[in-house]
Each structure stands twice: as structure tokens, then as C-alpha cells.
Amino acid sequence: MPAVLGFEGSANKIGVGVVRDGKVLANPRRTYVTPPGTGFLPGDTARHHRAVILDLLQEALTEAGLTSEDIDCIAYTKGPGMGAPLVSVAVVARTVAQLWNKPLLGVNHCIGHIEMGRLITGATNPTVLYVSGGNTQVIAYSEHRYRIFGETIDIAVGNCLDRFARVLKISNDPSPGYNIEQMAKRGKKLVELPYTVKGMDVSFSGILSFIEETVFAMLVEITERAMAHCGSQEALIVGGVGCNVRLQEMMETMCQERGARLYATDERFCIDNGAMIAQAGWEMFQAGHRTPLSESGITQR
Amino acid sequence: MQASGGGAGGAEGRDDQRSSRTPACQSGSGSAEGEDVHQAPEGRGVFGRGRAVMEAAVARPQGERAPDGLGSAGDVAPLAVRPRRGEVVLTLRVPFQSALEADMARRSLLPDAQRHQGLIRKEFAVNGSDLLVRWTAEELAFIRLSLNPFLDQLSLVIRNIRSLGIPPRQSLS
């Protein structure tokens, strides 16, 4: 019954998780939140992570009720992500692996999301819509590998929403996307053009509803196309934007029309977390993968 | 910077990070006339007891290449490749409690050190119980940009070792 410790810190969330045989034993996380109108920069984000990561490690072990002897493998995010935050987490993973004399496993962040999504929902072979601040891809498993069927040609959908929130100085606490969603729920009028003026006043809810309806419809379309191509009867949404209920509704509608089933997880696992890295690490560990220290450098892309 | 490990299973009672030992920085003594030597400014210590030693010098160009690889314990860590004319070299020596700890820190920090190899060259070695890090670049400014983040990562590794402690009968994998 191997137990895997996982470290994640590729963006502004830092998490440490423990997974043993398909059970999440601990998954504490902290988020680096910047003031409205600003985004998070690599150096400041890394500083935040460095300040809390050792405490998070202790929290995870305490919550799981385990000691270093109970841990069989140390998993960490090798990439993709922001350089300085990735390095800050990787050096701790390497140091812990050496101190406890455990094997090290560098995990792909995207695969972490997918493996946790599959674990939590039980989906067997879904077409995956991976949507977050840093990634927008439609992924399916075909011939022993995860393959990208479709993706953004420029910025991720979460990045689009985050930047929009920044312009409007919407709060980043707990996340800009969450606050956009709450405001969009109150929008009553869907407008074709993103320009809403009422006399001397302006209204922004309509713009946010427009943003959501349009970008989410785009995502539903490319997911549907991939499902048709693969003959898939399952869809799984992972990544922070997957928390958005409106996106889930639109995906559900599309799935029902196709007689397919939609899977999604809640904010504990949609949003970056340490347990998803531990879970993906568990799968790799069982398959015999190891990452030698000399090859454990982070990769931003 | 002295990294004090927790010892066998023990943890330090006092938080040494807040003790204010000033690290002394020495300027490197060059070998020939005409060398321009920079003295790194003294500052407040954040790593507890001991001191870091930094040597910066504009290296003189040499005729032949040094042998590959950094010197192991006992050498004064010659460079793998001699600096070219006008290049700046900065050496940081970090004393640890043991060679084991110093090498552990090296293995944790080395894999990501190659990321900006275009502008600067960063080399690691362990000499006794000291970790040696050497930067080579055309401009001191490049080195300064690399040094600050590196010190942050180094500090994290030291805190990590201190918080978890070196187990007895540790063997390097």
C-alpha cells in the first residue's frame, strides 16, 4: 500500500498532499492573492511559496497521521508552470527525498489534474476538457498516451477571465474567476456586443455574462468535436475554470444531447492541489517510474 | 552562512534565522597586478552563526583550459573552463555542519542551475563541509540577478534540512 507525498506550486497555489491507494489522506493548500487590478508575478509568488511550504508539509503529515517512514515516494510538479515557483517547490521535494531516502518523481501538472479527476469521479476513459489560468486543452487517451486534440492558440480561458477581472479591478479573493461567476449570475440581459451603457451609468454584469456564454460555448464546441472523433461517451472537466457551474451546465447539455456522461470535481480538486500530484505520482510509482536527482530539473513548458 | 542541522532526530529550540550574525564578505585576492577586485558589501546575517565568504574578481585570461569538472574535497575547486578576458567570477562558500549536508544542498540546487546558462555559468562543488558555488558572466549585473534568487532557494534548503533534521545513519541514494 504505497503512500505518496505530492508537492504542487506551479502557479499561485501551493499545496502538499498525501495519497495512499486511491485515498486522499491530506490536501492542505494556500493561495497567493494579489490586490484587485494586479496579477501574480513569478518572484513574489515564489517568495509566498517558500514562506509556507515547510508548514504545509507538516500539516499534511499531521492530517494524514503519517511520519516520514510511512511515505514511499516524493512526487512534485516538474512542469509546466512558472519558473521561480516551480523551482521553490522542487528544491524542497529534492531535499525531503534525500533526507528521508525516498525515490523522487517529477510529475506533469496537467496529468496530475487528469489523474485526480479520474480518481475522484470514477470516469474510465473520458474526453478531458482541461481549463485553467494556464492551460486550455481537450485531451483524450489514445494508444497508451494522453494526446491533445484541441487547445487554445494563444492564451488560456482562465487567463482571459483573469485579465478581464484585472481591468475591472474585480477582487482576486478567493480567485478572480470565482468573483466573475458570482457577478455573472446576477446578469439579466445577455448582450451581443460587450458594450452596456445605461444613461450616465454602466453595467458590467451583462458583459461578464457575455464573456462566459461566448468563451464557454467555444470550449463546449471543441470538446464535442473531440468526443465525436473518439466516439467517446464520457467527458471530464479538470482545472480551476472547471469549478464554474455555468460551464458545467453547458457541458452537461451537450453531453445529454449525445447520450454521454459528464464528470466534474469540486473546488478541492479542480483547483491546483498537492494531492493530485501525489495521485499522479502514485500511478507512476506503481508503474516503476523514478526521477533521478540529476534529471529532476523543472521545465516551464 | 552556517547551516545547523537538527542533529539525530532533534530539532533546534531557538530560531536561528532571527539571530543577527553579520556575514563577512571578503574580496578575492587576485594573482596578478591590474586586477580589479570588488568587495561585496557587508549585510545583516539571516542564516545564524558563521559567515559566508564571497570573492569576486575579474579574472585574467589564461592560456590553457583547466581539466573538466570541479575539484573534489581537498582541492580549491578549479573552474571547469577558464573565464575569458573581462569576465567576472563570483565565488560563494557556504559552510555546513557536514559534507553530507553540503552535498545534499548541492544535489537539491544543481538541477535547476542550468536554466539560464546562456548569460551566466553556475558551477557547484563540495569542498570538505563547504558548498561552493561559482558564477561566471560577462557582467556583474547578470551575476547579481542570479545571486539574489539563489540565496532565497539556498535559505529554503537550509531551513528544510534544519526543520526535518538529518536522520542517523543517513546514506546518500
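One numbering rule holds for all chains: residues counted from 1, following each sequence as written. Chains carry letters and ligands carry numbers; both start at the beginning, A for chains and 1 for ligands, and go up in the order they are written. A pLDDT threshold of at least 70 governs which residues receive local features in this predicted model, and a stricter bar of 80 or more applies before side-chain atom pairs are shown or counted, although totals over entire chains, interfaces and linings include all residues. Think of the side-chain values as coming from all heavy atoms in the structure, minus any hydrogens and water.

Peer 1: Can you explain the overall build of chain A? Please cite residues and give values.
Peer 2: Starting at the N terminus, helices and strands are each numbered in turn, a helix being any DSSP run of H or I of at least four residues and a strand any DSSP run of E of at least two. When you go through chain A residue by residue, the secondary structure sums to nine helices and 13 strands. Throughout, the radius of gyration refers to the C-alpha atoms, and the reference size of a globule is 2.2 Å times the residue count to the power 0.38. The globule rule puts the C-alpha radius of gyration for 301 residues at 19 Å, and the 20 Å found for chain A is close to it. Out of the 301 residues belonging to chain A, those deemed buried represent 53%. Contact between two residues is taken to exist if any of their heavy atoms lie within 4.5 Å; hydrogens are not considered. Residue pairs at least 24 apart in sequence account for 74% of intrachain contacts in chain A once pairs closer than 6 positions are excluded. Here chain A displays about 13400 Å² of accessible surface, and carbon together with sulfur accounts for 52% of that area. Buried residues are those whose accessible area, probed at 1.4 Å on protein chains only, stays under 20% of the maximum for their type, while exposed residues exceed 50% and partly exposed ones sit between those limits. Using a 1.4 Å probe, the Shrake-Rupley method yields the accessible areas, and only the shown protein chains count as cover for residues.

Peer 1: Can you explain the overall build of chain B? Please cite residues and give values.
Peer 2: Looking only at helices and strands, one finds two helices and five strands in chain B. Taking all 173 residues of chain B together, 45% fall into the buried category. Counting only contacts in chain B whose residues sit at least 6 apart along the sequence, the fraction spanning at least 24 positions is 70%. Summing over all exposed atoms, chain B offers an accessible surface of approximately 9000 Å²; the carbon and sulfur share of this is 48%.

Peer 1: Give a description of the UniProt feature "binding site: substrate" (unreviewed entry) in chain A that names residues and reports values.
Peer 2: All names here are of chain A. According to UniProt, the "binding site: substrate" (unreviewed entry) feature falls on Tyr130, Val131, Ser132, Gly133, Gly134, Asp162, Gly177, Glu181 and Asn244. Summarising the element assignment, Ser132 is placed in the loop between strand E7 (127-131) and strand E8 (136-142). Positionally, Asp162 belongs in helix H4 (residues 157-167). Sequence-distant contacts of Asp162, defined by excluding residues within four places in its chain, comprise Gly133, Pro176 and Gly177. UniProt positions are given in the numbering used here, feature names are shortened, and annotations may be inferred rather than shown by experiment.

Peer 1: Can you explain the packing of aromatic side chains? Please cite residues and give values.
Peer 2: Think of it this way: a Phe, Tyr or Trp ring, Trp meaning its six-membered ring, pairs with another when their centres are within 6.5 Å, and the plane angle makes it stacked under 30 degrees, edge-to-face over 60, tilted otherwise. In the structure shown here, the tally under the stated rule is three aromatic pairs over all chains. On the basis of an interplanar angle of 75° and a centroid distance of 5.0 Å, the ring pair of Tyr141 of chain A and Tyr146 of chain A is categorised as edge-to-face. An angle of 80° between the planes, with centres 5.2 Å apart, marks the rings of Trp135 of chain B and Phe150 of chain B as edge-to-face. Note that Trp135 of chain B is positioned in strand E5 (residues 130-137) and Phe150 of chain B in helix H2 (residues 140-164), a separation of 15 residues in sequence. In this pair, the class of Trp135 of chain B matches that of Phe150 of chain B, namely buried.

Peer 1: Any details on the interface of chain A and chain B? Residues and values, ideally.
Peer 2: Opposite the 24 residues of chain A that make contact, chain B presents 23 residues. Across the chain A to chain B interface the summed buried area is about 2100 Å²; carbon plus sulfur atoms make up 54%. A simple way to read buried area is as the amount of 1.4 Å-probe accessible surface that goes missing from two parts once joined, with both sides added. Area buried by chain A at its contact with chain B is led by Arg50, Gln98 and Leu99 of chain A, which between them contribute 35% of it. We define a salt bridge as a contact between a side-chain nitrogen of Lys or Arg and a carboxyl oxygen of Asp or Glu at a distance within 4 Å. Our count for the contact surface shared by chain A and chain B stands at two salt bridges. Its salt-bridge partner being Asp152 of chain B, residue Arg50 of chain A comes within 3.2 Å of it at the nearest N-O pair.

Peer 1: Give a detailed account of the packing of helix H2 (residues 83-100) of chain A against H2 of chain B, specifying residues and quantitative values.
Peer 2: How two helices pack is summed up by the angle between their axes together with the distance between the axes. Orientation is described by axes fitted as lines to C-alpha atoms, over the contacting stretch for helices, and by angles from 0 to 180 degrees between their N-to-C directions. Where H2 of chain A contacts H2 of chain B, the two axes come as close as 10 Å, and the packing angle between them is 30°. One way to sum up the angle between H2 of chain A and H2 of chain B is to call them roughly parallel. With respect to the hand of their crossing, H2 of chain A and H2 of chain B are arranged in right-handed fashion. Across the interface between the two elements, Ala84, Val87, Ser88, Val91, Val92, Thr95, Val96, Leu99 and Trp100 of chain A from H2 of chain A touch Gln153, Leu156, Val157, Asn160, Ile161 and Leu164 of chain B from H2 of chain B. Under the convention adopted here, Pro, Cys and the residues Ala, Val, Leu, Ile, Met, Phe, Trp and Tyr are nonpolar, Asp, Glu, Lys and Arg are charged, and Gly plus all remaining residues are polar. Its residues assigned to classes, the contact of H2 of chain A with H2 of chain B comprises eleven nonpolar, four polar and no charged. Reported orientations rely on four angle classes, namely roughly parallel under 35 degrees, roughly antiparallel over 145, roughly perpendicular from 65 to 115, and oblique for the rest. Helix crossings fall into two classes, left-handed where the near helix is turned counterclockwise from the far one by less than a right angle and right-handed where it is turned clockwise.

Peer 1: Can you break down the sheet that holds E7 of chain A residue by residue, with the values?
Peer 2: Residues and elements named next belong to chain A. With respect to topology, five strands assemble into an open sheet ordered E9-E8-E7-E12-E13, the strand pairing being mixed. The sheet is open, and its two borders are formed by strand E9 (145-151) and strand E13 (261-264), each paired with just one other strand. The mean angle between the axes of side-by-side strands here comes to 25°, regardless of whether they run parallel or antiparallel. On top of the sheet, helix H3 (residues 109-121) reaches E7, E8, E9, strand E12 (234-238) and E13; it is set at about 125° to E12, its chief contact. Across the face of the sheet, helix H7 (residues 245-258) comes into contact with E7, E12 and E13 while running at roughly 160° to E13. When DSSP finds two or more bridges between two strands, those strands count as paired.

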